[in-house]
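Summary of the model geometry
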Amino acid sequence: MALNYPSSTYFILLVVTITRLIYTVGKTEQWKALILPDLDIENIFHKLHDDPETIQKASSDYGHIVHELPAAVFHPSSIDDIATLIKSSYNSFAPFHIAARGQGHSHHGQAMARDGVVVDMATLRKQRNGVSISVSKDPLIGHYADVGGEQLWIDVLHASLEHGLAPVSWTDYLYLTVGGTLSNAGISGQSFRYGPQISNVHEMDVITGKGEFVTCSTQKNLELFNAVLGGFGQFGVIARARIALEAAPKRVKWVRLLYSDFSAFTKDQERLISINGRKQKNALDFLEGMLLMNQGPINNWRSSFFPQSDHPRIASLITEHSILYCLEVAKYYDDLTEKNVDKEMHVLLQGLAYIPGFYYEKNVSYVEFLNRVRSGELKLQSQGLWEVPHPWLNLFLPKSQILDFNSGVFKDIILKRNISSGPVLVYPMNRNKWDDRMSASIPDEDVFYTVGFLHSSGFDSWKAYDAQNREILEFCRDAGIKVKQYLPNHSTQEDWTNHFGTKWMKFLERKHQFDPRMILSPGQKIFHKQLQPAF
């Protein structure tokens, strides 16, 4: 239920500190004059909720590992509401932490605010009911979509397709918010060619940690623009993003190839991503890789691709080699390019060193391909297997050390522990598709690999996966592998300093500039300094 107060001059005053929310009685006008002289505080209080069900929902995330109880959950009906809430904390004698929560798809409590206020962006999405997605064209930058930060990528896809257009960079799972993925980077198999999602943004409206509404771009307020993209929500809440659009294809030629030799697998991946010009017709549009092992099914929940009739011989190969490496590629086409797509794919894949006879292909619609994970999600939900712990580990690794990682992790830790039943992804990216001025931290090599251990577990077994994750990180540290965590989970200032490396001082300067009272996104655990009184 909402937090209510009497209409008399006395009401319940919400004062939040870094460790707790406490309620005290005070005079309305005296308090407003001291703390919020220009703000509509009554409107804000009516949108704060502390009923057990709402609090419980905001205390967990997709990881189901970390649980942090907020003092209240805020249901905004406008962007102005969020700005007012943040400004109330910034101007307060006792500032309180605020975390914007999109779909809650974090894994270790990153979207939580212990004893603070969680902003439920889904409420804003429902209030705006899709009206915050609009498609336009500019003579200088071409087509674009202005999108509310609370909107889902699946809705951006459908809205832009109505104009024959679409973004070019995606995540594998589309039921995530625009603000959420842009706060991290937003990666998938398109990133080698088109860059991460943060490389495809022209402009943003951001509510800073001071409660200021600021429009930023490569031309205006550049420091804030670069800070927010990949900034883990530390510098502001994304109210609007201007996303680059291009002509949308209609269909996808989707191919998977199997390898038993990791060196050949990575060599072929690197060769294919070297053809990465944005306008090159002879380039792939998508490339990822994954592991097939005895612990998991031939087809996993993310996609059913391999024909059932071939499962026995694939399983036999897995038994023989312990691990198979699956290269997954795709090329988009439409009515005009359909006649050439087979020939172009043949040229691209010619000479690859995959196992003869283990070539599989599909032709699917563009939407079906991009939304390929959804059917698996719905199936797991129906079986009660979606809302379970997800002890994920996502890494960026330098190309020069990927073979060491294979022998020390894939061929050793993973096989010895014999528990990895979820998808394990491994695929390369090109560093020149990233903008190093942005907050996202990646390895300092021209080509680096993404490795994702996307585990699901029982509520009584997630610790075994967590222990495996720690062993992998310890191996990397001992072997001198300069790994970076994607969607990082660090608990100490030293670990965060190492994560950002040469970017750490810039990150710290930007925090003091745009969120000087350390209000935003406490669940990331980047800053542990207690909030200081404003007066």
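Residues numbered from 1 in each chain as written. Predicted model: local features only at pLDDT ≥ 70, side-chain atom pairs only at ≥ 80, totals over all residues. Heavy atoms only, no water.

Taking an unreviewed UniProt entry as the reference, the protein is identified by name as cytokinin dehydrogenase belonging to Phaseolus coccineus. What the UniProt record of the protein gives under Catalytic activity (unreviewed entry) is the line "N(6)-dimethylallyladenine + A + H2O = 3-methyl-2-butenal + adenine + AH2". In UniProt, the protein has this text filed under Sequence similarities (unreviewed entry): "Belongs to the oxygen-dependent FAD-linked oxidoreductase family." (UniProt positions renumbered as here; feature names shortened; annotations may be inferred.)

A few words now on the overall build of the protein. Assigned secondary structure in the protein consists of 18 helices and 21 strands. Against the 2.2 N^0.38 benchmark of 24 Å for 535 residues, the protein shows a C-alpha radius of gyration of 24 Å, consistent with a compact globule. Oriented by its inertia axes, the alpha-carbon framework of the protein measures out at about 80 × 55 × 45 Å. Counting the 535 residues in the protein, one finds 60% classified as buried. Of all intrachain contacts in the protein linking residues separated by at least 6 positions in sequence, the fraction that spans at least 24 positions is 75%. Carbon and sulfur atoms make up 51% of the accessible area of the protein, which amounts to about 22,000 Å² in all. Charge centroids of the protein, computed over 54 positive and 57 negative side chains, lie 2 Å from each other. (Helix = DSSP H or I, 4+ residues; strand = E, 2+ residues; numbered from the N terminus. Rg over C-alpha atoms; globule rule 2.2 N^0.38 Å. Buried < 20%, exposed > 50% of the residue type's maximum accessible area, 1.4 Å probe, protein only. Contact = heavy atoms within 4.5 Å. Areas by Shrake-Rupley, 256 points an atom, 1.4 Å probe, with all protein chains shown as cover. Lys, Arg positive; Asp, Glu negative; His and termini not counted. Charge placed at Lys NZ, Arg CZ, Asp CG, Glu CD.)

Across all of its chains, the model carries 30 salt bridges by this definition. Residues R256 and E328 are paired through a salt bridge, measuring 3.0 Å at the closest nitrogen-oxygen approach. Of this pair, R256 sits in strand 14 (residues 251-259) while E328 is found in strand 16 (residues 323-333), placing the two residues 72 residues apart along the sequence. With respect to burial, R256 and E328 carry one shared label: buried. (Salt bridge = Lys/Arg side-chain N within 4 Å of Asp/Glu carboxyl O.)

This paragraph deals with the sheet that holds strand 3 (residues 48-49). With mixed pairing, the 4 strands of this open sheet are ordered in space as 3-4-6-5. Edge positions in the open sheet fall to strand 3 and strand 5 (98-101), since each of these has one partner strand only. The sheet contact formed by strand 3 and strand 4 (residues 72-74) spans 2 bridges and is antiparallel. The partner of L48 across the bridge, within strand 4, is F74. (Pairing = 2+ DSSP bridges.)

Below, the discussion takes up unusual backbone geometry. Non-glycine residue N221 carries a positive phi angle of around 50 degrees. Tracing the chain through its elements places N221 in the loop between strand 11 (213-217) and helix 9 (222-228). The phi angle at L487 is positive, at roughly 55 degrees, despite the residue not being glycine. Here L487 lies in the loop between strand 21 (484-486) and helix 17 (493-500).

Structurally, F448 is set in strand 20 (residues 447-453). For the pair formed by F448 and I402, sequence separation is 46 residues and the distance between their alpha carbons is 8.5 Å. In contact with F448, not counting residues within four places along its chain, are F396, L397, P398, K399, Y427, P428, M429, N430, R431, W434, I442 and P443.

Of the residues in the protein, 91% have a pLDDT of 70 or more, and the chain-wide mean is 90. Ignoring residues within four places in sequence, the model shows residues 1-38, a span with pLDDT below 50, making 89 contacts including any to other chains. (pLDDT = per-residue confidence, 0-100.)

Counting 125 residues, the largest nonpolar core has M204, I314, F405, F410, W434 and F453 as the members making the most contacts within it. Top element by residues in this core is strand 16. It accounts for 8 residues. Filtering out sequence-adjacent residues up to four positions away, M204 remains in contact with V214, T215, C216, F225, V228, L229, I238, R240 and A241. In this structure, F45, F96, M121 and L520 belong to the second largest nonpolar core, which totals 21 residues. (Core = buried A, V, L, I, M, F, W, Y, C linked by side-chain atoms within 4.5 Å.)

Strand order in this open sheet of 5 strands is 7-8-12-10-11, and the pairing throughout is antiparallel. Strands at the two margins of the open sheet, each flanked by one partner only, are strand 7 (133-138) and strand 11. Adjacent strand axes in the sheet meet at a mean angle of 20 degrees when their direction is disregarded. Taken together, the 5 bridges between strand 8 (residues 142-148) and strand 12 (residues 236-244) define a ladder with antiparallel strand orientation. (Axes fitted to C-alpha atoms, helices over the stretch in contact; angles between N-to-C directions.)

Attention shifts here to helix 16 (residues 462-479). Helix length check: helix 16, at 18 residues, gives a terminal C-alpha distance of 26 Å against a target of 26 Å (1.5 Å per residue), a fit within 8%. Looking only at helix 16, the buried set comprises W462, Y465, D466, Q468, N469, I472 and C476. Viewed along the axis of helix 16, the buried residues span an arc of 160 degrees, placing them on a single side of the element. Among the exposed residues of helix 16, those pointing more than 90 degrees away from its buried face are K463, R477 and D478. Contacts made by the buried residues of helix 16 are with strand 18 (393-398), helix 15 (402-417) and strand 20. Just downstream of helix 16 lies G480, where phi reads positive at about 75 degrees. (Expected span 1.5 Å × (residues − 1). Arc of directions from axis to C-beta.)

Next up on the list: the packing of aromatic side chains. Counted under the stated rule, the structure contains 34 aromatic pairs. Their ring planes at 65 degrees and their centres at 5.8 Å tell us that W434 and F448 sit as a pair that is edge-to-face. Here W434, found in the loop between strand 19 (424-430) and strand 20, pairs with F448, found in strand 20; they are 14 residues apart in sequence, far enough to count as distant. Neither residue differs from the other here; W434 and F448 are each classed as buried. Clustering of aromatic rings is evident, with ring pairs tying together Y259, F262, F265, Y325, Y354, Y359, F405, F410 and F453. In this structure, R256 packs its charged tip against the face of F306, placed 5.4 Å from the ring centre. (Phe/Tyr/Trp six-rings, centres within 6.5 Å; stacked < 30°, edge-to-face > 60°. Lys NZ or Arg CZ within 6 Å of the ring centre and 35° of its normal.)

Bringing the side chain of S188 into the picture now. Here S188 lies in the loop between helix 7 (178-182) and helix 8 (191-194). By relative accessible area, which is 1% here, S188 ends up buried. Separated by 3.4 Å, the side chains of S188 and E288 make a polar contact. Apart from the residues within four sequence positions on either side, S188 is in contact with W170, T171, D172, F286, E288, R372, Y427 and M429. (Polar contact = N/O pair within 3.5 Å; in protein donor to acceptor, adjacent residues only side chain to side chain.)

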